[in-house]
Amino acid sequence: MTREVLPPSARARLGPIAALAALVVVLLGILYAGDGGPGGVDARVSAAVEGVGAPWRQAALAVDFLGEPVGAAALVVAAVTGCLLGRRPRAAVLVVAGAGLTVGTTTLLKSLVGRTIHDGSLSYPSGHTAFLTALALVAALLAAGRPGVGGPAGASLVLAAALVAGAAMGWAQVALGAHYPTDAVGGWCTALAVVPATAWLVDRAAGTGRRERR
């Protein structure tokens, strides 16, 4: 089994996708900089999703919890533990670095963009959506590096995992009125941009360290 956390089969395909995702984050940030309300698309999507009743609201709250400090910490600890038990220390580093840098990037972007919701809370991009997407991306990258999974299938697995996680958390955030839909899109794209770059850096640092020891 390869020790790389960014398999060569996925690297070539995810590079352009990560660049495109970064461009979307920047463009949406420019478009909604300083805004304190929804755009036209936001209003239409929110009208269809917000205010869901039970049991959908309970489901939204459960998904939202995964992005809260306690839930997020539990997910990261479980993921790191699984990596260490599976003797994948580099993967454990990616879990922490990938999730941490993604959330850190959303926090920085919120201050730079200055988009607000409700009582003036900074909203773009959605940190909850970015976090869960990042964790799903890391898990999918590790699965794509297993024997027998590669090429288009590996890249498709990574993108599918990101889509499912991002859609679930994005829906929860909009349904609960915590974010505009475009905030969720921005958070999703932030993870798509940050995690592959972080995985490449982790592999590069590990390779450099190994050569130096030799």
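Use the structure listed above.
Description of the structure in this document. (Residues numbered from 1 in each chain as written. Predicted model: local features only at pLDDT ≥ 70, side-chain atom pairs only at ≥ 80, totals over all residues. Heavy atoms only, no water.)

Observations concerning the layout of surface pockets
Consideration 1: Roughly 180 Å³ of volume is contained in the second largest pocket.
Consideration 2: Val45, Val49, Thr129, Gly166, Ala167, Gly170, Trp171, Val174, Pro181, Ala184, Val185 and Trp188 together form the lining of the second largest pocket.
Consideration 3: Among the elements of the structure, helix H2 (40-49), helix H7 (151-175) and helix H8 (181-213) are those that each provide at least two residues to the lining of the second largest pocket.
Consideration 4: For the lining of the second largest pocket, the leading source of residues is H7, giving 5 residues.
Consideration 5: For the lining of the second largest pocket, the per-class residue count stands at 9 nonpolar, 3 polar and no charged. (1 Å grid on protein atoms, 1.4 Å probe; cavity = no way out; pocket = protein on both sides within 12 Å on 5 of 7 lines; lining within 4 Å. Points joined across faces, edges and corners; volume = space filled by probe spheres on them. Helix = DSSP H or I, 4+ residues; strand = E, 2+ residues; numbered from the N terminus. Nonpolar A, V, L, I, M, F, W, Y, C, P; charged D, E, K, R; others polar.)

Topic: the environment of Ala165
Consideration 1: Take Ala165: it is sitting in helix H7.
Consideration 2: For Ala165, a relative accessible area of 9% corresponds to the buried category.
Consideration 3: Along the primary structure Ala165 and Arg115 are separated by 50 residues, whereas in three dimensions their C-alpha atoms are 24 Å apart.
Consideration 4: The residues contacting Ala165, other than those within four sequence positions of it, are Leu132, Thr133 and Ala136. (Buried < 20%, exposed > 50% of the residue type's maximum accessible area, 1.4 Å probe, protein only. Contact = heavy atoms within 4.5 Å.)

Describing the side chain of Asp42
Consideration 1: With respect to the secondary-structure elements, Asp42 resides in helix H2.
Consideration 2: With relative accessibility at 0%, the residue Asp42 sits in the buried group.

What is shown is where atoms sit, not what they do.
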